[in-house]
Amino acid sequence: MADMRLEKQPMPQLAPEIRNKNFEEVALGYTEEQAVAEANRCLQCKHQPCVGGCPVQIDIPAFIQKVQQRDFEGAYQIISAQSALPAVCGRVCPQETQCEGKCVRGIKGEPVAIGRLERFVADWHMANVKEPPVKPESNGKKIAIIGSGPAGLTCAGDLARKGYEVTVFEALHVAGGVLVYGIPEFRLPKAIVAKEIEGLKAMGVKVETNMVIGRVLSVDDLFAMGFEGIFIGSGAGLPRFMGIPGENLKGVFSANEYLTRVNLMKAYLPDSETPIQRGKKVAVVGGGNVAMDAARCAKRLGAEEVYIVYRRSMEEIPARAEEIHHAIEEGIIFKTLTNPTEILGDEHQNVVGMTCLEMELGAPDESGRRRPMVKEGSEHRLDTDVVIMAIGTSPNPLIRSTTPGLETNKWGCIVTEEESGKTSREGVYAGGDAVTGAATVILAMGAGKQAAKAIDEYLK
Ligand code: FAD
Ligand code: SF4
Ligand code: SF4
């Protein structure tokens, strides 16, 4: 008989007034007892709606049943049949719009905490199962993966397991993509990503960092070097700006640059040599996960006031519900229905504020969300000394401009066949944000998995 409590087992977490001054992980994870109690809320539905909400179709009721039975390793084996990075997905998937959004327990009360259970199972496995992964026998075929984000790592892992000799080429000096340069330590500890990458290396995957494909080597060079299949998982790391006056002032950052300095280049550590501007008043423009991460980092770097400036209302805000909740708890101020029109500077070109307009929502636009419209006579000034732009990214043009015959669309995304990730170039596959534009970790992983299957079929 299922436990019919309406609420999830609460997640133990650091207190907001303590955590907004450090970079330690906010959510501490369930104990075994809490995990079993939460698993007991699952009704083991025959039609399994939750599975349909997961982009990689993890057998959710089956893994939860194993947790109910305290067979945590059994649960891990079920999850890992579909997901290469469960410790990551359990932490960062937007569960409320995916698996948990479909859970029947959510109709009356809170859904089963599927993400928290997935995280528990993955962390339990990491802490308790020490067997190194088995290195498969080589089939002698070489594959190149461009980019070491979730798409590239998943594709690499699946192909390595099938015996391919896989080399991952990463432009940055550390592998992991957004998982290491974007998502902050307090949401996703980097040791977890490093451990996943060590696991791939133990299976024989080679990781070459500081290798910008399109500069150091081209796609054609990789074929000439004997790679028979190539997967492009180069993400969408090129930041967008608003095109308003003042964006070149000192103190204006793209969220990508700001987060890279803080996370990858560890600007938050007291002995770090990475320069970062620690503003007293920081305005982050945007309402997605990237904006929440930048705002929460700015607060931890000592800002007294941090604003999220978002042109629609709280109802349309796209960030994960948990991140918004945590940001509010940590003292981030939400200025919704507000749009900047100019960034203001002093005589030394330092940011001193922004001119903003208030907005109201009209009829839905082509995205289905209500269109923000300017409220007459609403111009006002917001004082700030740092502005962080988090209004979206697109794929970097480097690979498409150096790969003849690679078809891309008007947004610069690589065009692929939906089921396989096959591109217009023979032997070249692609997936993740490089194809979809900025999306989610689990969708990137799903694309990496699909492409690995297709590359294997192609080379057989
Ligand atoms: P990426 O993770 O971007 O990895 C691409 C890699 O390719 C990078 O390491 C890059 O350096 C490398 N590369 C690029 N060009 C080249 C080249 N020419 N040669 C070699 N290497 C190259 N998603 C969620 O699901 N939940 C979240 O909470 C969430 N939060 C986010 C927070 C932030 C700050 C950001 C930026 C994104 C967030 N996302 C989140 C989105 C998610 O991280 C991405 O959708 C996902 O990482 C895409 O994976 P990917 O493998 O396609 O690309
Ligand atoms: Fe839910 Fe993400 Fe896990 Fe799928 S991978 S079950 S969407 S947390
Ligand atoms: Fe369990 Fe919810 Fe899935 Fe039903 S929908 S099997 S209650 S997780």
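Residues numbered from 1 in each chain as written. Chains lettered and ligands numbered in written order. Predicted model: local features only at pLDDT ≥ 70, side-chain atom pairs only at ≥ 80, totals over all residues. Heavy atoms only, no water.

## A few points about the layout of surface pockets
Remark: the empty space left among the atoms is shown by a probe the size of a water molecule rolled over them.
Then, in step 1: Its boundaries defined by the atoms lining it, the second largest pocket holds a volume of some 960 Å³.
Then, in step 2: Taken together, 29 residues make up the lining of the second largest pocket; nearest its centre are Y76, H125, P133, E196 and G199.
Then, in step 3: When residues of the lining of the second largest pocket are traced back to their parent elements, those giving at least two are α5 (72-80), α6 (86-92), α7 (114-128), α8 (150-161) and α10 (190-202).
Then, in step 4: Residues of the lining of the second largest pocket, tallied by class, amount to 14 nonpolar, seven polar and eight charged.
Then, in step 5: In this structure, the lining of the second largest pocket is formed jointly by two domains, domain 1 (16-128) and domain 2 (142-237 + 394-459), each of which donates at least three residues. (1 Å grid on protein atoms, 1.4 Å probe; cavity = no way out; pocket = protein on both sides within 12 Å on 5 of 7 lines; lining within 4 Å. Points joined across faces, edges and corners; volume = space filled by probe spheres on them. Helix = DSSP H or I, 4+ residues; strand = E, 2+ residues; numbered from the N terminus. Nonpolar A, V, L, I, M, F, W, Y, C, P; charged D, E, K, R; others polar. Domains from an automatic or database assignment.)

## Regarding the site of ligand 3
Then, in step 1: The local shell around ligand 3 consists of C42, L43, Q44, C45, P49, C50, P61, C103, V104, R105 and I114.
Then, in step 2: Of the residues contributing to the shell around ligand 3, the split by class is nine nonpolar, one polar and one charged. (Near = heavy atom within 4 Å.)

## Comments concerning the domain arrangement of the protein chain
Then, in step 1: The assigned domain composition of the protein chain is domain 1 (16-128), domain 2 (142-237 + 394-459) and domain 3 (241-391).
Then, in step 2: Centre-to-centre separation of domain 1 and domain 2, based on C-alpha positions: 27 Å.
Then, in step 3: Counting from both sides, the interface comprises 20 residues of domain 1 and, opposite them, 19 residues of domain 2.
Then, in step 4: A buried area of about 1,800 Å², summed over both sides, lies between domain 1 and domain 2, and 77% of it is on carbon and sulfur atoms.
Then, in step 5: Across the contact surface, domain 1 and domain 2 share zero salt bridges. (Contact = heavy atoms within 4.5 Å. Buried area = accessible area lost by both parts, 1.4 Å probe. Salt bridge = Lys/Arg side-chain N within 4 Å of Asp/Glu carboxyl O.)

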